[in-house]
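Tertiary structure, described
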Protein chains: 4
Amino acid sequence: MAQFRNPDAVARLRADFERQGAMSSMGITLADIAPGQVTLQMPFNPAFTQHHGYMHAGIITTAMDSACGFAAFTLMEAEAEVLTVEFKSNFMSPAAGEAFRFEGEVVKSGRTLTFTQGRAVAISEGAEKTFATMTATMMAVRGMRG
Amino acid sequence: MAQFRNPDAVARLRADFERQGAMSSMGITLADIAPGQVTLQMPFNPAFTQHHGYMHAGIITTAMDSACGFAAFTLMEAEAEVLTVEFKSNFMSPAAGEAFRFEGEVVKSGRTLTFTQGRAVAISEGAEKTFATMTATMMAVRGMRG
Amino acid sequence: MAQFRNPDAVARLRADFERQGAMSSMGITLADIAPGQVTLQMPFNPAFTQHHGYMHAGIITTAMDSACGFAAFTLMEAEAEVLTVEFKSNFMSPAAGEAFRFEGEVVKSGRTLTFTQGRAVAISEGAEKTFATMTATMMAVRGMRG
Amino acid sequence: MAQFRNPDAVARLRADFERQGAMSSMGITLADIAPGQVTLQMPFNPAFTQHHGYMHAGIITTAMDSACGFAAFTLMEAEAEVLTVEFKSNFMSPAAGEAFRFEGEVVKSGRTLTFTQGRAVAISEGAEKTFATMTATMMAVRGMRG
């Protein structure tokens with residue numbers, strides 16, 4: 001199985017997560033961290049809906065992107081930062097539910113590029129449904145940390 | 001040139017935009033509406049940054065998705081609602097700037113599917129720079145409006 | 001599990017596959033058909049390489065697209081034809097191997113749109129390696145068959 | 001405007017193009033080379049159709065990918081090779097026509113990654129129609145050339 005390449009990976013990931021204004025503003029929290037896999041969660045939030053009352057597709061994407069980016073980060077070296085190169089999201093049904101879970105995982109980790117995939121799961125009255133998926137390319141950038 | 005297919009398109013678009021919790025929560029406003037083209041704008045907002053202090057890639061995507069979705073909506077019939085099927089975003093450089101403009105435009109409008117493209121422009125000390133692009137597929141859904 | 005919606009699905013799929021000039025020209029053949037899942041195969045073919053001697057990324061994509069499209073077709077109604085709306089391919093490593101397998105599967109099947117995913121596996125000295133993935137949106141079109 | 005970074009760029013591109021088995025097998029030829037822009041062309045070819053008689057979406061993608069990859073190559077340094085990281089293709093209408101033109105252009109050129117976009121134009125009785133588009137991420141790889 002995959003292993004952390006940086007012994008401080010979990011602590012650094014938690015610190016970086018705390019510094020993401022976007023996560024706290026939207027009520028997204030860390031649910032699980034493992035080598036190559038990060039899970040986030042979020043309750044339904046009427047402040048981030050589109051005009052039919054579902055969660056906005058872009059907000060769902062924001063959470064999947066963060067899950068994928070942090071998953072990539074868990075397998076990077078100590079001096080690397082992660083930036084999103086590109087992603088594609090598919091929306092199979094509207095984002096309806098009481099709460100949401102966002103899973104990001106590394107498909108292939110390279111020195112410069114990491115390929116990841118993510119999915120968004122809606123939880124409603126105990127039932128779970130995957131309603132959106134993502135594939136994302138992440139890039140390791142060195143020399144950003146002051 | 002493209003024309004509105006619904007005489008109430010602009011009024012309905014403004015009303016739908018107002019009902020998007022996500023737009024007001026993030027400080028995104030309508031800048032321009034034309035047949036097949038919608039432009040949104042947003043000041044830099046520290047509440048929606050990632051951990052390096054740039055605007056979160058997902059937030060930029062949220063704005064581009066809205067610009068593209070509303071652009072598609074301008075060419076749809078009166079009874080149609082628009083839902084995002086999928087999009088892909090490319091990030092050419094980090095989202096740094098004092099303000100941002102998001103342009104969505106229709107590439108091809110069909111009865112069921114509309115192909116759109118979007119771009120995000122950063123404005124900094126009067127200079128403009130396109131730093132992200134999107135291609136998005138939008139779907140017309142009928143029978144949603146009560 | 002998924003089921004064929006058309007009792008003639010397998011026979012029609014085989015007939016449509018035979019009519020694809022692209023498949024026979026490239027030496028791609030059907031390996032397996034199940035409801036919502038189609039597998040194709042291809043030997044290494046120097047006639048379809050790029051300039052480093054690997055199989056061309058577009059040829060790999062052609063095979064993944066066909067696997068995904070036919071997978072979508074297995075769950076469609078008798079009168080429907082399938083057209084590709086869009087796809088995204090990721091290439092994790094070059095297409096090197098003696099033979100290749102292409103798996104397409106339905107993630108969500110709808111009346112109009114079907115979401116699929118695919119992957120390309122290289123086979124080399126008995127070892128298998130997934131080197132490319134796809135997500136594709138397929139559309140059911142009615143009234144095309146004469 | 002963009003400039004070639006390698007004085008031998010055009011000669012090397014032509015040599016690399018000649019070595020692409022896929023291009024000659026499919027009848028795709030070079031139409032134009034400029035810094036950051038490459039155009040390919042192809043007559044309708046029944047050997048590469050799908051089962052409705054249109055050109056296969058994957059073949060159209062193969063040509064757009066080559067146009068984008070070579071466009072990226074024109075702005076790379078002498079020692080760099082180009083590999084496709086990922087691309088997304090949208091198909092707005094079926095690939096019907098007597099001949100096709102494929103345009104690839106660089107949107108942003110970086111040391112490691114180059115963002116490109118492409119489009120496919122069908123030519124039929126003198127009329128032109130853009131029927132497919134691509135966005136592609138290309139990577140410069142050093143040390144591949146023997």
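Residues numbered from 1 in each chain as written. Chains lettered and ligands numbered in written order. Predicted model: local features only at pLDDT ≥ 70, side-chain atom pairs only at ≥ 80, totals over all residues. Heavy atoms only, no water.

Re the relation of the copies chain B and chain D
If you rotate chain B by 180° and push it 0.0 Å along the axis, it lands on chain D with an RMSD of 0.0 Å. Taken together, the rotation angle and the small translation identify this as a two-fold axis. (Least-squares fit on C-alpha atoms with pLDDT ≥ 70 in both.)

A look at the pairing of strand 5 (residues 113-124) of chain C
All names here are of chain C. Here strand 4 (residues 99-109) pairs with strand 5 via 10 bridges, running antiparallel. Within the sheet, the bridge partner assigned to Ala99 lies in strand 5 and is Ile123. Where strand 4 hands over to strand 5, the hairpin turn is made up of three residues, counted between the paired strands. For strand 5 and strand 6 (residues 127-142), the ladder comprises 12 bridges, and the chain directions are antiparallel. (Pairing = 2+ DSSP bridges. Helix = DSSP H or I, 4+ residues; strand = E, 2+ residues; numbered from the N terminus.)

Quick look at the interface of chain B and chain D
In many analyses, interface size is given as the accessible surface area lost on bringing the parts together. Across the boundary between the two partners, chain B contributes 12 residues, which contact 12 residues of chain D. Summed over both sides, the interface between chain B and chain D buries roughly 1,000 Å², with carbon and sulfur atoms accounting for 61% of that surface. Of all residues in chain B, Lys88, Met92 and Phe115 of chain B bury the most surface against chain D, accounting for 49% of the area lost on that side. The tally of links from chain B across to chain D stands at two salt bridges. Salt-bridge contacts for Glu86 of chain B lead to Lys88 of chain D; the nearest nitrogen and oxygen are separated by 2.8 Å. Put simply, the parts of the chain that give the side of chain B that touches chain D at least two residues each are strand 3 (80-91), strand 4 (99-109) and strand 6 (127-142) of chain B. A total of five residues in the side of chain B that touches chain D trace back to one element, the largest contributor, which is strand 3 of chain B. Counted by class, the side of chain B that touches chain D contains six nonpolar, three polar and three charged residues. (Contact = heavy atoms within 4.5 Å. Buried area = accessible area lost by both parts, 1.4 Å probe. Salt bridge = Lys/Arg side-chain N within 4 Å of Asp/Glu carboxyl O. Nonpolar A, V, L, I, M, F, W, Y, C, P; charged D, E, K, R; others polar.)

Concerning the packing of aromatic side chains
All names here are of chain A. Scanning all chains against the criterion turns up 18 aromatic pairs over all chains. Their ring planes at 50° and their centres at 5.7 Å tell us that Phe17 and Phe70 sit as a pair that is tilted. Here Phe70 lies in helix 3 (residues 57-73) and Phe17 lies in helix 1 (residues 9-18), a separation of 53 residues in the sequence. Look at Phe70 and you get buried, because its relative accessible area is 2%. (Phe/Tyr/Trp six-rings, centres within 6.5 Å; stacked < 30°, edge-to-face > 60°. Buried < 20%, exposed > 50% of the residue type's maximum accessible area, 1.4 Å probe, protein only.)

Comments concerning helix 1 (residues 9-18) of chain D
Structurally, the α-helix is built with 3.6 residues per turn, so residues lying three or four positions apart point the same way. Residues and elements named next belong to chain D. Within helix 1 the residues assigned to the buried category are Ala9, Arg12, Leu13, Asp16 and Phe17. Relative to the axis of helix 1, the buried residues are bounded by an arc of 135° and lie together on one face. Residues of helix 1 that are exposed and angled more than 90 degrees away from the buried face: Ala11 and Glu18. Buried residues in helix 1 make contact with helix 2 (21-26), strand 1 (29-34), strand 2 (37-43), helix 3 (57-73) and strand 3 (80-91). (Arc of directions from axis to C-beta.)

Side note on the interface of chain B and chain A
At the junction of the two partners, chain B supplies 37 residues and chain A supplies 37 residues. Between chain B and chain A lies a buried interface of about 2,800 Å² when both sides are counted; carbon and sulfur atoms form 60% of it. It is His51, His56 and Phe87 of chain B in chain B that bury the most area against chain A; as a group they hold 22% of the surface buried on that side. The interface formed by chain B and chain A includes zero salt bridges. Applying the counting rule to chain B against chain A returns 20 residue pairs in polar contact (both at pLDDT 80 or more). Among the secondary structure elements, those contributing two or more residues to the side of chain B that touches chain A are helix 2 (21-26), helix 3 (57-73) and strand 3 of chain B. Ranked by residues supplied to the side of chain B that touches chain A, first place goes to strand 3 of chain B with 11 residues. Looking at the side of chain B that touches chain A residue by residue, the class counts come to 16 nonpolar, 15 polar and six charged. Note: strand 3 (residues 80-91) of chain A against strand 3 of chain B, five bridges, orientation antiparallel. (Polar contact = N/O pair within 3.5 Å; in protein donor to acceptor, adjacent residues only side chain to side chain.)

As for the UniProt feature "domain: Thioesterase" (unreviewed entry) in chain A
When the UniProt feature table is mapped onto this chain, "domain: Thioesterase" (unreviewed entry) is found at residues 52-121 of chain A. The span residues 52-121 of chain A is 24% helix and 46% strand, and its two end C-alpha atoms sit 19 Å from each other. (UniProt positions renumbered as here; feature names shortened; annotations may be inferred.)

What about the environment of Glu103 of chain D?
Residues and elements named next belong to chain D. Inspection of the secondary structure puts Glu103 in strand 4 (residues 99-109). The partly exposed category is assigned to Glu103, whose relative accessible area is 23%. On a C-alpha basis, the gap between Glu103 and Asp32 in space is 9.2 Å, while along the polypeptide they are 71 residues apart. Every residue in contact with Glu103, bar those within four places of it in the chain, is listed here: Val38, Thr39, Ala67, Gln117, Gly118, Arg119 and Val121. Here Arg101 takes part through its side chain, which lies 2.9 Å from a polar atom of the side chain of Glu103.

What about the pattern of salt bridges?
Evaluation of the coordinates by the stated rule reveals 32 salt bridges over all chains. Where salt bridges share partners, they join Arg101, Glu103, Arg119 and Glu128 of chain A into one cluster.

Notes on the environment of Pro7 of chain D
Topologically, Pro7 of chain D is positioned in the segment before helix 1. Pro7 of chain D sits 70 residues away from Glu77 of chain D along the chain, and the two C-alpha atoms are 9.5 Å apart.

A look at the packing of helix 3 of chain A against helix 3 of chain B
It is the contact of helix 3 of chain A with helix 3 of chain B, at a shortest axis distance of 8 Å, that shows an interaxial angle of 155°. By the criterion of interaxial angle, the relationship of helix 3 of chain A to helix 3 of chain B is roughly antiparallel. Note that helix 3 of chain A runs across helix 3 of chain B; the crossing there is right-handed. Contacts between helix 3 of chain A and helix 3 of chain B involve Ala57, Gly58, Ile59, Thr61, Thr62 and Asp65 of chain A on the former and, on the latter, Ala57, Gly58, Ile59, Thr61, Thr62 and Asp65 of chain B. Looking at side-chain class alone, the contact of helix 3 of chain A with helix 3 of chain B contains four nonpolar, six polar and two charged residues. (Axes fitted to C-alpha atoms, helices over the stretch in contact; angles between N-to-C directions. Parallel < 35°, antiparallel > 145°, perpendicular 65-115°, else oblique. Left-handed = near helix turned anticlockwise from the far one by under 90°.)

Some details on the state of the cysteines
According to the stated counting rule, one finds zero disulfides over all chains in the structure shown. A disulfide-free cysteine, Cys68 of chain A has its sulfur positioned 19 Å from the sulfur of Cys68 of chain C, the nearest such atom. (Disulfide = S-S within 2.5 Å.)

Quick notes on the sheet that holds strand 2 of chain D
Pairing is antiparallel across the open sheet formed by 12 strands, whose spatial order is 1(C)-2(C)-4(C)-5(C)-6(C)-3(C)-3(D)-6(D)-5(D)-4(D)-2(D)-1(D). Two strands bound the open sheet, and with one partner strand each, they are strand 1 (29-34) of chain C together with strand 1 of chain D. Between one strand and the next, the sheet's axes are offset by a mean angle of 25°, whatever the strand orientation. Sheet contacts for helix 1 (residues 9-18) of chain C: strand 1, strand 2 (37-43) and strand 3 (80-91) of chain C; angle to strand 1 of chain C, the most-contacted strand, approximately 160°. Packing of helix 1 of chain D onto the sheet brings it into contact with strand 1, strand 2 and strand 3 of chain D, and relative to strand 1 of chain D it is tilted by some 160°.

Quick notes on helix 3 of chain A
The end-to-end C-alpha separation of helix 3 of chain A is 24 Å, in line with the 24 Å expected for 17 residues at 1.5 Å each. Across the 17 residues of helix 3 of chain A, 17 count as buried, placing the element largely inside the fold. (Expected span 1.5 Å × (residues − 1).)

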